[in-house]
Amino acid sequence: MSDIKLPEIKAPRYLGTGRRKTAVARVRLASGSGKIVVNGRPFENYFPAEALRMVAAQPLTLTGNTEKFDAQITVSGGGPNGQAGAVRHGIARALLTVDANLRPVLKAEGFLTRDPRMRERKKYGQPGARKRFQYSKR
């Protein structure tokens, strides 16, 4: 009976999925020192623009949890802006699983709302979604 191995008890992980445009971010929060890794790369390398880093980390700074949690993020699809928005949405949702009392603060800032704006599809017989071919009278 003594040779049975119990699984290691790891720090609890809090999950959240964020979406924006065509980007999807899967966020895993664990208690730590504030280290953020996106797709296996450091946060500063993945989002080189300061504005994108600020957008992505807004929920953590708003709730004062910047130094309390480590985040491991997998993000795919979309471009830099969409991915930063998806990461923000995912972190906000993961923070809700940590503490449900943060809901009014996050909701007031609009971090829990999935931005519904999507790219309009291209229509057949046209060069783009809205663009028409040039009219020729003769």
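The text that follows walks through the structure, step by step, so that each part is easy to find. Since this is a predicted model, take the numbers as computed values, not measurements.

## Re the pattern of salt bridges
Within the structure shown, the criterion is met by five salt bridges. A salt bridge links Asp115 to Arg20, with the shortest nitrogen-to-oxygen separation between them at 3.5 Å. Of the two residues, Asp115 sits in the segment after α4 (103-109) while Arg20 sits in strand β1 (residues 13-20), which places them 95 residues apart along the sequence. Taking the relative accessible area as the measure of exposure, Arg20 reaches 17% and is therefore buried.

## A word on the sheet that holds strand β3 (residues 36-38)
Reading across the sheet, the five strands line up as β1-β2-β5-β3-β4 and stay open at both edges, with mixed pairing between neighbours. Sheet topology places β1 and β4 (41-42) at the edges, where each strand pairs with a single neighbour. Note: β3 against β4, two bridges, orientation antiparallel. Each residue of the ladder has a partner; that of Val38, found in β4, is Arg41. The strands that helix α3 (residues 80-98) touches are β1, β2 (23-31) and β5 (69-76); relative to β1, the one it contacts most, it runs at about 145 degrees.

## Section: the pairing of β2
When β1 meets β2, the two strands line up antiparallel, connected through eight bridges. Counted as the bridge partner of Arg19 is Val24 from β2. Here β1 folds back onto β2 in antiparallel fashion, the turn holding two residues, of which Lys21 has a positive phi close to 55 degrees. Looking at chain direction, β2 and β5 are connected through eight bridges and run antiparallel. Each residue of the ladder has a partner; that of Ala25, found in β5, is Val75.

## Focus: the layout of surface pockets
Its volume calculated, the largest pocket comes out at about 170 Å³. Listing elements by their share of the lining of the largest pocket, those giving two or more residues are β3, α1 (43-46) and α2 (50-63). The element contributing the most residues to the lining of the largest pocket is α2, with three residues. Considered class by class, the residues forming the lining of the largest pocket number six nonpolar, two polar and four charged.

## Brief notes about the packing of aromatic side chains
Two aromatic rings, taken as a pair, are described by how far apart their centres are and by the angle between their planes. Across all of its chains, the model carries three aromatic pairs by this definition. Between Phe43 and Phe47 the ring centres are 5.8 Å apart and the planes differ by 75 degrees, which places this aromatic pair in the edge-to-face class. The exposure class of Phe47 is buried, given its relative accessible area of 1%. Seen from their ring centres, Tyr46 and Phe47 are 5.1 Å apart, and the 90 degrees between their planes marks the pair as edge-to-face. An aromatic cluster is present here, built from Phe43, Tyr46 and Phe47 joined pairwise through their rings.

## Examining unusual backbone geometry
With a phi angle near 55 degrees, Lys21 is a residue other than glycine that sits in the positive phi range. Within the fold, Lys21 resides in the loop between β1 and β2. For Lys21, a relative accessible area of 41% puts it in the partly exposed group. Positive phi values are uncommon outside glycine, yet Asn39 reaches one of about 50 degrees.

Rules behind the numbers
Residues numbered from 1 in each chain as written. Predicted model: local features only at pLDDT ≥ 70, side-chain atom pairs only at ≥ 80, totals over all residues. Heavy atoms only, no water. Salt bridge = Lys/Arg side-chain N within 4 Å of Asp/Glu carboxyl O. Helix = DSSP H or I, 4+ residues; strand = E, 2+ residues; numbered from the N terminus. Buried < 20%, exposed > 50% of the residue type's maximum accessible area, 1.4 Å probe, protein only. Pairing = 2+ DSSP bridges. Contact = heavy atoms within 4.5 Å. Axes fitted to C-alpha atoms, helices over the stretch in contact; angles between N-to-C directions. 1 Å grid on protein atoms, 1.4 Å probe; cavity = no way out; pocket = protein on both sides within 12 Å on 5 of 7 lines; lining within 4 Å. Points joined across faces, edges and corners; volume = space filled by probe spheres on them. Nonpolar A, V, L, I, M, F, W, Y, C, P; charged D, E, K, R; others polar. Phe/Tyr/Trp six-rings, centres within 6.5 Å; stacked < 30°, edge-to-face > 60°.

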